[in-house]
Protein chains: 2
Amino acid sequence: MSSRIDTKTKILDAAEKLFAERGFSETSLRLITSKAEVNLASVNYHFGSKRELIRAVLARYLDLFMPAASNAIAELQQQHPHASLTDIFSALVSPLLTLNSIRAGGTRTFLQLLGRGYIESQGHLRWFITSHYGEHLQSFVTAVQASVPTIPRADIFWRLHFTLGTVVFTMASADALIDIAAADFDEKNNIETVIRKVIPYIASGVAVSA
Amino acid sequence: MSSRIDTKTKILDAAEKLFAERGFSETSLRLITSKAEVNLASVNYHFGSKRELIRAVLARYLDLFMPAASNAIAELQQQHPHASLTDIFSALVSPLLTLNSIRAGGTRTFLQLLGRGYIESQGHLRWFITSHYGEHLQSFVTAVQASVPTIPRADIFWRLHFTLGTVVFTMASADALIDIAAADFDEKNNIETVIRKVIPYIASGVAVSA
DNA sequence: GTCTATACTTTGATAGAC
DNA sequence: GTCTATCAAAGTATAGAC
């Protein structure tokens, strides 16, 4: 019985599925609460607003992914003190794919939500992530800096944001791109093959000598 | 007197300014029509819907930029039959900056609108652009393919979409990034310096041998 | 052909009873 | 914690004036 799950979780589960499928603005609270079989007003009671609900949906994934990611970076640095950029980016793949064991399609859902959220939210999500997961992010940035010591810090700042854009945009439109690649080039892709394609692109861009 | 401008243009001017400042979903039609000093219903009369208005605002820029861009590519290919990827991307800078002569801050406004629109619109804008400006896009893709003949077509497809993500996301958040770079690295940037930073990144990523 | 007044529908949010 | 009722704001649609 789904009624054994508490209301808050029922809302999060329904919202996550609908947000990933339809985007945030196209998903009404009434649709979420009807799918979740809870009362409309319970969203406001448990989360305060739709914006906070979006954050909460993402936080469930970020709370798993961020520590796993910075652990993976730390392990990499222990075993390979001079890890390459490609090594660093590749180290994030396993924590990403682990999300599939939490929920079916977890990796895809998380990256789509992150992509859509990062842009639709007009900077609110950027603030939320940097303030809540700043330490994890910093360990990643430090690892990148160590791997390309000749690149000025300011350049690394810009290029990591270029990289964020590449990843976030690609993941937000991953379904459409996979369909197009299948139709035009007869390629069978999934979220993991797309991740594997993007790593050489971003590693090359971050390391380029201007 | 602003009343000498026709209603359609008054709506487009007001909408463009507000969309670039606040984003699409944060800008109501009532705000647009009150700034434009026209009746609310005139948006529906002239454009049919808010979505169509967004398209029309972008189309004013795309109608200028797309032919200018494909002309610039054609000229480059005549003068440098073996132009590099960096040459090709750099050739787009001048058409972009020309938009500043149409309207103050035209380049910045266009790229922000394109960035925000491309993601918020859930694929509708992708369809609109490829169907209305497909020939111009194709001449660009062909030039890229010629400059990196050893890269498979499918890889170029993916990497050009990675590039689109990089550019679109960066431009959509350009104001915030410029502010952060000023605070953290004492850098003074504007939209042109950001464009100059992104070119080596994307040129390197598209050309990388996987 | 254009424009305006007005009303319809959906949405996020909230107050108050239980 | 949950529910009903209700609100204000937003996108949309239409009838009718000019």
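Just so we're clear, the structure is a prediction, and the values are computed from it rather than from any experiment. (Residues numbered from 1 in each chain as written. Chains lettered and ligands numbered in written order. Predicted model: local features only at pLDDT ≥ 70, side-chain atom pairs only at ≥ 80, totals over all residues. Heavy atoms only, no water.)

Listed per partner, the contact involves 44 residues of chain A and 44 residues of chain B. Of the roughly 3700 Å² buried between chain A and chain B on both sides combined, carbon and sulfur atoms contribute 73%. Elements with a minimum of two residues in the side of chain A that touches chain B: α7 (106-120), α10 (153-172), α11 (174-185) and α12 (191-207) of chain A. Ranked by the residues each element gives to the side of chain A that touches chain B, the list is headed by α10(A), at 15 residues. When grouped by side-chain class, the residues that make up the side of chain A that touches chain B number 22 nonpolar, 11 polar and 11 charged. (Contact = heavy atoms within 4.5 Å. Buried area = accessible area lost by both parts, 1.4 Å probe. Helix = DSSP H or I, 4+ residues; strand = E, 2+ residues; numbered from the N terminus. Nonpolar A, V, L, I, M, F, W, Y, C, P; charged D, E, K, R; others polar.)

Superposition of the two copies of the chain requires a rotation about an axis and a shift along the axis. In the superposition of chain A on chain B (RMSD 0.1 Å, axial shift 0.0 Å), the rotation amounts to 180°. On the angle and the small slide along the axis, the relation comes out as a two-fold axis. The overlap is high: 100% of the interface residues of chain A also sit at the interface in chain B, so the same surface is used on both sides. (Least-squares fit on C-alpha atoms with pLDDT ≥ 70 in both.)

Neighbouring DNA strand C are 15 residues, the closest being L29(A), R30(A), K50(A), T7(B) and H46(B). When the atoms of DNA strand C within 4 Å of the protein are grouped by moiety, sugar and phosphate amount to 54% of the total. Residue L29(A) places a main-chain N or O atom 2.6 Å away from a phosphate oxygen belonging to DNA strand C. The contact in question runs from a phosphate oxygen of DNA strand C to an N or O atom on the side chain of T7(B), over 2.5 Å. Counting residues per element, the ones that place at least two in the surface near DNA strand C are α2 (29-36) and α3 (40-47) of chain A together with α3 (41-47) of chain B. (Near = heavy atom within 4 Å. Polar contact = N/O pair within 3.5 Å; in protein donor to acceptor, adjacent residues only side chain to side chain.)

Under the feature "domain: HTH tetR-type" (unreviewed entry), the UniProt entry names residues 5-65 of chain A. In the segment residues 5-65 of chain A, helix accounts for 79% and strand for 0%; the C-alpha atoms at its two ends are 23 Å apart. (UniProt positions renumbered as here; feature names shortened; annotations may be inferred.)

Before going further, it helps to examine the packing of aromatic side chains. Inspection of the entire model under this criterion finds 20 aromatic pairs over all chains. With a centroid separation of 6.3 Å and 85° between ring planes, the pair formed by Y201(A) and Y201(B) is classed as edge-to-face. Of this pair, Y201(A) sits in helix α12 while Y201(B) sits in helix α12 (residues 191-207), which puts the two residues in different chains. No difference in accessibility class separates Y201(A) from Y201(B), as the two residues are buried. Put simply, the rings of F157(A), W158(A), F162(A), F185(A), Y201(A), F157(B), W158(B), F162(B), F185(B) and Y201(B) pair up and form one aromatic cluster. (Phe/Tyr/Trp six-rings, centres within 6.5 Å; stacked < 30°, edge-to-face > 60°. Buried < 20%, exposed > 50% of the residue type's maximum accessible area, 1.4 Å probe, protein only.)

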